[in-house]
2 protein chains.
Amino acid sequence: MDNHIRPVELEKAYRLLNHGPTVLVSSSHEGTHNVMAAAWACALDFSPPKVTLVIDKMTKTRGLVEKSGYFALQVPNLDQLQMTFDVGTQSKVFTPDKLDKANVDLFRIDGHDSPLVAGCSAWLICKVIPEPHNQQTYDLFIGEVVGAWADTRVFKDGHWEFEKADPKWRSLHYVAGGHFYTIGEPAVVETGDE
Amino acid sequence: MDNHIRPVELEKAYRLLNHGPTVLVSSSHEGTHNVMAAAWACALDFSPPKVTLVIDKMTKTRGLVEKSGYFALQVPNLDQLQMTFDVGTQSKVFTPDKLDKANVDLFRIDGHDSPLVAGCSAWLICKVIPEPHNQQTYDLFIGEVVGAWADTRVFKDGHWEFEKADPKWRSLHYVAGGHFYTIGEPAVVETGDE
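Residues numbered from 1 in each chain as written. Chains lettered and ligands numbered in written order. Predicted model: local features only at pLDDT ≥ 70, side-chain atom pairs only at ≥ 80, totals over all residues. Heavy atoms only, no water.

What counts, and what does not: UniProt positions are given in the numbering used here, feature names are shortened, and annotations may be inferred rather than shown by experiment.
Per an unreviewed UniProt entry, chain A goes by the name NADH-FMN oxidoreductase RutF, flavin reductase (DIM6/NTAB) family and belongs to Pseudomonas congelans. In its Cofactor (unreviewed entry) section, the UniProt entry covering chain A states "FMN".

Below, the structure is given as structure tokens:
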């Protein structure tokens, strides 16, 4: 494992998604892996941490998540712009070697089966809370976060450090047609608490 | 109505939220209005456009949304940083004059009852699709977007123009403890389509 990767307290895992980044969704079942990009992932609860994720029925990922009961969300960065776009626009249904073509490098963390994408800024492994009505009607999945990690070069002591880190670590926020925005200049309110 | 506000095609309404901004949630019932901030709002579908929104049971907004069947999401900007923080940290339950204290200026758009917050970059009026199990178990609401508008000084022809607009129009992405990030520098992938 990359020695900059450290666990994130589960109570602070929501902070990895709170600023609304586009994420990569990885999944695996019986030796088949996939990774797709998703802009429609969101925190749902603090403790235990939960997330929502929209997974279209047409994707390869959908079946892998339904069969394995797990998915991982990871926060890609500017250094991974092309890869993020490629895994988000190509489908493994039509391009079986999609992951090789997009230069996706997968790794695992001890104790967890989910494949994770190397080079990201943060990772959340999620166990599906089965909600068949949501899944069928809205393509909406709910997952409980069972493990979270971040790269200490951009997320440390429970906080993103985009303003201190190299700009290549900035998260990606997809709009449409190949256009992303990166975050972020800090904007801080005087709370009186500090 | 501010003459820079223009309707957004419903098929493109998801683009107002796709980059993951913190939003303001406004609601109204029988003459009581409220506005709160929420980082946990997300697009759910393209057409008809739908969104998800987490509304805690402790909030005043929760009852107003359940009773009226409507909420509005709006995208605040850097010019509204303090107000966004204030409506997100004060509760109308304990501070009945919260909206006055936070200098929230409400307006309406013809044909819609939902109060909207003036000065934002975009607005989406949403009709609740009742899902009692999600609402009770997860505080998760699903809404169908029935109207969408944006300020043409920052969103035009279906696209955000953060790179061209005055920085005061940049959207806010909340992390924790009064810390937000603003978006955004553009990052564009060569798609071969243009």
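**Description of the overall build of chain A**
To keep things clear, this is the line we draw: Each helix is a run of DSSP H or I of at least 4 residues and each strand a run of E of at least 2, with the numbering of both proceeding from the N terminus. Radius of gyration: C-alpha atoms only; globule rule: 2.2 Å multiplied by the number of residues to the exponent 0.38. Exposed residues in this analysis have more than 50% of their type's maximum accessible area, buried residues have under 20%, and partly exposed residues fall in between, with area computed by a 1.4 Å probe over protein chains only. Note on contacts: a residue pair is in contact if any heavy atoms of the two residues lie within 4.5 Å. Areas reported here follow the Shrake-Rupley algorithm with a probe of radius 1.4 Å; residue values treat only the protein chains shown as occluding. By the counting rule applied here, Lys and Arg register as positive and Asp and Glu as negative, while His and the ends of each chain are not counted. Here the site of a charge means NZ on Lys, CZ on Arg, CG on Asp, or CD on Glu.
Along its length, chain A carries 4 helices and 14 strands. Relative to the 2.2 N^0.38 estimate, which gives 16 Å for 194 residues, the radius of gyration of chain A is 16 Å and therefore close to what a compact globule would have. C-alpha extents for chain A along the principal axes are approximately 50 × 35 × 35 Å. The buried share among the 194 residues of chain A stands at 57%. For chain A, long-range pairs separated by at least 24 residues make up 66% of all intrachain contacts whose partners lie at least 6 apart in sequence. Accessible area for chain A stands at about 8,300 Å²; split by element, carbon and sulfur atoms hold 48% of it. If you average the places of the 18 positive and of the 26 negative side-chain charges in chain A, the two averages end up 5 Å apart.

**Quick look at the interface of chain A and chain B**
The test is simple: Buried area is understood as the total, over both parts, of accessible area removed when two parts are fitted together, assessed with a 1.4 Å probe. Any Lys or Arg side-chain nitrogen located within 4 Å of an Asp or Glu carboxyl oxygen qualifies as a salt bridge. Identification of polar contacts relies on pairs of N or O atoms within 3.5 Å, with a donor-acceptor requirement for protein atoms, meaning one able to donate a hydrogen and the other able to accept it, and with residues adjacent in sequence counted only if both atoms are side-chain atoms. All amino acids are sorted into three groups, where Ala, Val, Leu, Ile, Met, Phe, Trp, Tyr, Cys and Pro are nonpolar, Asp, Glu, Lys and Arg are charged, and the leftover types, Gly among them, are polar. Any two strands between which DSSP finds at least two bridges are classified as paired.
The interface is formed by 50 residues belonging to chain A together with 50 residues belonging to chain B. Among the residues of chain A in contact with chain B, W40(A), Y138(A) and Y181(A) are the three that bury the most area, contributing 19% of the side total. On the surface where chain A and chain B come into contact, there are 0 salt bridges. For the pair chain A and chain B, the interface holds 24 residue pairs in polar contact (both at pLDDT 80 or more). Broken down by secondary-structure element, the contributors of at least two residues to the side of chain A that touches chain B are β4 (41–46), β5 (49–54), α2 (81–89), α4 (132–138), β10 (140–151), β13 (172–176) and β14 (179–188) of chain A. Each residue belonging to the side of chain A that touches chain B can be placed in one class, and the counts come to 28 nonpolar, 14 polar and 8 charged. Taken together, the 9 bridges between β14(A) and strand β14 (residues 179–188) of chain B define a ladder with antiparallel strand orientation. Of the residues in β14(B), the one forming a bridge with P186(A) is Y181(B).

**Here we look at the relation of the copies chain A and chain B**
Note the following rule: Residues below a pLDDT of 70 in either copy are left out; the C-alpha atoms of the rest, at least 70 in both, set the least-squares superposition of the copies.
When chain A is fitted onto chain B, the two copies agree to an RMSD of 0.0 Å after a turn of 180° and an axial shift of 0.0 Å. Between the two chains, the operation in question is that of a two-fold axis. Considering only C-alpha atoms, the part of chain A nearest the rotation axis is G20(A), at 1.9 Å. Taken as a fraction of all interface residues of chain A, those also at the interface in chain B reach 100%, which identifies the copy contact as same-surface.

**As for the packing of aromatic side chains**
Where we set the bar: Working definition: a ring pair exists when centres of Phe, Tyr or Trp rings (six-membered ring for Trp) sit within 6.5 Å. Plane angles under 30 degrees give stacked, over 60 give edge-to-face, the rest tilted.
Enumeration according to the criterion identifies 16 aromatic pairs over all chains in this entry. Between Y181(A) and F162(B), the aromatic rings sit 5.1 Å apart at their centres with planes inclined by 80°, giving edge-to-face as the arrangement. Here the residue Y181(A) occupies a position in strand β14, and F162(B) occupies one in the loop between β12 (159–160) and β13 (172–176), the pair thus bridging two chains. Judged by its relative accessible area of 4%, Y181(A) is buried. Take F162(B): its relative accessible area is 1%, and that puts it in the buried class. Taken together, a centroid distance of 5.1 Å and an interplanar angle of 80° make the contact between F155(B) and W160(B) edge-to-face. Exposure remark for F155(B): the relative accessible area of 4% places this residue in the buried category. A connected cluster of aromatic rings, assembled from ring pairs, spans F155(A), W160(A), F162(A) and Y181(B).

**Things to note about the pattern of salt bridges**
Taken as a whole and judged by the stated rule, the model has 16 salt bridges over all chains. The partner of K164(A) in a salt bridge is E161(A), and the shortest N-O contact between them spans 3.8 Å. Owing to a relative accessible area of 67%, K164(A) belongs among the exposed residues under this scheme. E66(B) serves as the salt-bridge partner of R62(B), at 2.9 Å between the closest nitrogen and oxygen. In this pair, R62(B) and E66(B) both sit in helix α1 (residues 60–68), 4 residues apart, roughly one turn of the helix. The class for R62(B) is buried, based on a relative accessible area of 4%. Each of K57(A), R62(A), E66(A) and D139(A) takes part in salt bridges that share partners, so that together they form one network.

**A closer look at the pairing of β14(A)**
All names here are of chain A. Two elements, β13 and β14, share 4 bridges in a ladder whose sense is antiparallel. When the sheet's bridge partners are listed, A176 is paired in β14 with H179. In this antiparallel pair of consecutive strands, β13 and β14, the connection spans 2 residues, and G177 shows a positive phi of 55°.

**Considering unusual backbone geometry**
Of note, the bond from S47(A) into P48(A) is cis; its omega dihedral lies within 30 degrees of zero at -5°. If you check the backbone angles, E30(B) has positive phi at about 45° while not being a glycine. Looking at the element boundaries, E30(B) is found in the loop between β2 (23–29) and β3 (32–38). A residue is classified by how much of its surface remains accessible, and E30(B), at 73% relative accessible area, is exposed. If you check the backbone angles, N103(B) has positive phi at about 60° while not being a glycine. If you trace the backbone, N103(B) turns up in the loop between α3 (98–101) and β7 (106–107). By relative accessible area, which is 66% here, N103(B) ends up exposed.

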